[in-house]
Amino acid sequence: MDITTTEEKRQMKTNIENTHWDVLIIGGGATGIGTAIDAASRGYKTLLVEQSDFGKGTSSKSTKLIHGGVRYLQQGNLSLVMEALKERAILKRNAPHIVHDLQFIVPNYDWWEGPFYGIGLKLYDLLARKESFGDSIFLSKEETIKHLPTIEQKDLQGGILYHDGQFDDTRLLTSMMRTAENLGATLLNYTKLVDLTKTDHQITGAIIQDQQTALKSEIQAKVIINATGVYADKIRQKDKSSLTNIMKGSQGIHIVLDKDFLPGDKAIMIPHTKDGRVLFAVPWHGKLLIGTTDTPLDSYPLDSIPQKQEIDFLLNHASEYLVKNPTLKDIKSIFSGIRPLVTDGNPSNTAEISREHKIEVSDSGLVSIMGGKWTTYRKMAKDVINVASTLVSLPRVKSKTQHLKLHGYDRDAENYGHLSIYGSDALIIQKLYTENKSYQELIHPAYSITKGQIIFSIRFEKAKTIEDLLARRTRLLFLDAVVSILVAPKIAQILATELNKGPKWLQTEIENFIKIANTYIP
Ligand SMILES: Cc1cc2nc3c(=O)[nH]c(=O)nc-3n(C[C@H](O)[C@H](O)[C@H](O)COP(=O)(O)OP(=O)(O)OC[C@H]3O[C@@H](n4cnc5c(N)ncnc54)[C@H](O)[C@@H]3O)c2cc1C
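This text gives an overview of the structure that appears in the document. (Residues numbered from 1 in each chain as written. Predicted model: local features only at pLDDT ≥ 70, side-chain atom pairs only at ≥ 80, totals over all residues. Heavy atoms only, no water.)

Right, let's talk about the pairing of strand E16 (residues 333-342) for a bit. Successive residues of a regular strand alternate their side chains across the two faces of the sheet. The buried fraction of E16 amounts to ten of the ten residues, a majority that puts the element mostly inside the structure. The alternating pattern of E16 places Ser333, Phe335, Gly337, Arg339 and Leu341 and Ile334, Ser336, Ile338, Pro340 and Val342 on opposite faces, both of which are buried. Across ten bridges, strand E11 (residues 247-258) lies against E16 in antiparallel orientation. Opposite glycine 252, over in E16, you have glycine 337 as the bridge partner. (Buried < 20%, exposed > 50% of the residue type's maximum accessible area, 1.4 Å probe, protein only. Helix = DSSP H or I, 4+ residues; strand = E, 2+ residues; numbered from the N terminus. Pairing = 2+ DSSP bridges.)

A few words now on the site of the ligand. In the region of the ligand, 38 residues are neighbours, and Thr31, Glu50, Ser59, Leu65 and Thr375 sit closest. In this structure, an oxygen atom belonging to the ligand sits 2.7 Å away from a side-chain N or O atom of glutamate 50. Here an oxygen atom of the ligand and a side-chain polar atom of serine 59 are 2.6 Å apart. Summarising the interface, the protein chains cover 96% of the accessible area of the ligand, which totals 1000 Å² for the free molecule. Elements with a contribution of two residues or more to the shell around the ligand: helix H2 (30-41), strand E8 (191-199), E11 and E16. Looking at the shell around the ligand element by element, the count peaks at four residues for E16. Tallied by class, residues from the shell around the ligand come to twelve nonpolar, 20 polar and six charged. (Near = heavy atom within 4 Å. Polar contact = N/O pair within 3.5 Å; in protein donor to acceptor, adjacent residues only side chain to side chain. Areas by Shrake-Rupley, 256 points an atom, 1.4 Å probe, with all protein chains shown as cover. Nonpolar A, V, L, I, M, F, W, Y, C, P; charged D, E, K, R; others polar.)

On to a nonpolar patch on the surface. On the surface, Leu78, Leu123 and Leu126 cluster together into a nonpolar patch covering about 270 Å² of accessible area. You can see leucine 78 is positioned in helix H4 (residues 78-94). Residue classification places leucine 78 among the partly exposed positions, given a relative accessible area of 35%. (Patch = residues over 30% accessible without salt bridge, like charges linked within 9 Å, V, L, I, M, F, W, Y side chains within 5 Å. Salt bridge = Lys/Arg side-chain N within 4 Å of Asp/Glu carboxyl O.)

Attention now moves to H4. In a regular helix each residue adds 1.5 Å, so 17 residues correspond to 24 Å; H4 covers 24 Å between its end C-alpha atoms and thus fits that length. Of the residues making up H4, those classed as buried are Leu80, Val81, Ala84, Leu85, Glu87, Arg88, Ala89, Ile90, Leu91 and Asn94. Against the buried residues of H4 lie strand E3 (65-66), helix H3 (70-74), helix H5 (113-128), strand E6 (158-166), helix H7 (169-182) and helix H10 (377-391). (Expected span 1.5 Å × (residues − 1). Contact = heavy atoms within 4.5 Å.)

Moving on to the packing of H7 against helix H13 (residues 466-473). The contact between H7 and H13 brings their axes to 8 Å, and the two run at 110°. Classified by the angle their axes make, H7 and H13 are roughly perpendicular. In this structure, H7 uses Thr170, Arg171 and Thr174 to contact H13, whose residues at the interface are Ala471, Arg472 and Arg473. (Axes fitted to C-alpha atoms, helices over the stretch in contact; angles between N-to-C directions. Parallel < 35°, antiparallel > 145°, perpendicular 65-115°, else oblique.)

Scanning the entire structure with this criterion turns up 13 aromatic pairs. A ring pair is formed by phenylalanine 167 and tryptophan 374, whose centres lie 5.1 Å apart and whose planes are at 80°; its orientation type is edge-to-face. Taken as a pair, phenylalanine 167 in the loop between E6 and H7 and tryptophan 374 in the loop between strand E18 (366-371) and H10 lie far apart in primary sequence, 207 residues in all. In this pair, the class of phenylalanine 167 matches that of tryptophan 374, namely buried. Centre to centre, the rings of tyrosine 422 and phenylalanine 456 are 5.8 Å apart; their planes meet at 85°, and the pair counts as edge-to-face. Residue tyrosine 422 is found in the loop between H10 and helix H11 (426-435), and its partner phenylalanine 456 is found in helix H12 (residues 451-460); the two are separated by 34 residues along the sequence. Like phenylalanine 456, tyrosine 422 is buried. Put simply, the rings of Phe104, Tyr124, Tyr162 and Phe280 pair up and form one aromatic cluster. Cation over ring: arginine 88 sits above phenylalanine 133, and NZ or CZ is 3.9 Å from the ring centre. Across from the ring centre of tyrosine 409, 5.1 Å away, lies the NZ or CZ of lysine 405, which sits over that ring. (Phe/Tyr/Trp six-rings, centres within 6.5 Å; stacked < 30°, edge-to-face > 60°. Lys NZ or Arg CZ within 6 Å of the ring centre and 35° of its normal.)

The subject of this paragraph is the pattern of salt bridges. Applying the stated rule across the entire model yields 32 salt bridges. Measuring nitrogen to oxygen at the nearest pair gives 3.0 Å for the salt bridge that ties aspartate 239 to lysine 198. Of this pair, aspartate 239 sits in helix H8 (residues 232-239) while lysine 198 sits in strand E8, and the two are 41 residues apart along the sequence. Relative accessible area serves as the criterion here: at 8%, aspartate 239 is assigned to the buried category. Among the residues examined, lysine 198 registers a relative accessible area of 39% and is labelled partly exposed. Linking aspartate 260 and lysine 324 is a salt bridge whose minimum nitrogen-to-oxygen distance equals 3.5 Å. With aspartate 260 in the loop between E11 and strand E12 (267-270) and lysine 324 in the loop between helix H9 (308-321) and E16, the pair connects residues that are 64 residues apart, well separated along the chain. On the basis of relative accessible area, aspartate 260 is assigned to the partly exposed category, the value being 43%. If you follow the salt bridges from partner to partner, you end up with Asp53, Lys56, Asp303, Glu467, Asp468, Arg472 and Arg473 in one network.

In structure tokens, the structure reads:
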């Protein structure tokens, strides 16, 4: 059960301050939580702090693909593709309840596209070696239309079908958070690193602050890992204020449409739009995701706002490839994330900056892990813990995550129906249903999300706000922003009962959520 009362938080503060941590990780996205798993599984005493909710940053706003990256193949970055394909296979093995195979079709409108992309995708299969999810195949025009009944048929020549991985990013992140906890790590959301502390010019600890009670704690840690994504420079500059920025944030948005724009279970991948971008149309949780864009930003708000030209770009391009042309009023939700790209100079085109990760160790011992992709989080975590453990001479233990099953692991999870994404935790939700029949009630008739799921996430998954529940433990805000606003009072009531909060808290909580949810509506 999660800590909720201020008294319990005080007790927690004492425990945290009295522990001499081996590893303190800043940032609760894919990179930070992956690092917590790696550290804890090697037996290191591990603490992770996240200033907001786990996944509030970029890690909830991906295209939901566990992939080698066909685009990186186009850029000739074979080592990145091979590394990501290896990670894809490891993740599908360790989290089969969340990561699955998805078939993509590249439609061809020019005579040369079939052989050109066909050879490229054969190479993609070859690079995956034994770990391939299935062979890519050429499709005739008729076969392409059979798989994609709403594809634009004018000038269509045929297509190529290939396989990649798909997931639910924050459900995986939540499973990872539970995995790290099961291994003995302590993970705190709504806890911000406010300062680093030093002895003889070496970092020996940090000041962290609970964002809900404002309680500050002074932590001692042998090594601190900066896994704050696009915010990495802020932490680097807390260590040494004269450092220049090396992160460049590039915004990518997705629009979410009803599934009838692309019925069936196949995704579309356009490797090269007229203005040289990659476009995906992907079925996800009964809706259609279309993305993404690549817009360099100069500042990085946690709730980054989609720009009008980005929305227009996606609507216009979706219209080029689909027979039914989507308009603004068809958009159920828009979400926007910022890619954490590491620069070595000052490249102007963010699409060209490498997605490889970089590890930096400062003179005073701050270890920063930057860049990378969701797909490669495990390898990034392994690399950074190798560096950090050597730096401060922690006992030498090899990474154990290659064969570590993630929380909820269940190969037959589809038997749990709409609860399959929880893996074996579905049994706990089903037990809640038997304890109280009302927990089976749907929170809205159009979506198969029950009151039991909400209660489960409050009790076991550290959800503390309406947004945690509707954006990241369930995905309703990402699937239908208007409906998420409609159900917000009901969710607030459940939260208030579970967390023992009063009417004033409840009202503020609803207002806060509506403000955020409105940014998901065009
Ligand atoms: C549009 C888009 C689509 C993408 N699609 C894919 C995809 O399909 N597949 C794929 O593999 N990759 C994809 N990526 C890349 C992937 O999402 C990112 O590489 C990954 O999520 C980065 O994770 P992170 O943990 O490094 O950063 P984040 O998820 O941003 O986590 C950093 C965290 O640090 C916290 N933080 C910052 N400062 C502090 C502080 N002082 N104290 C405590 N916490 C702090 C932040 O609140 C944040 O939650 C996509 C990226 C974008 C933008």
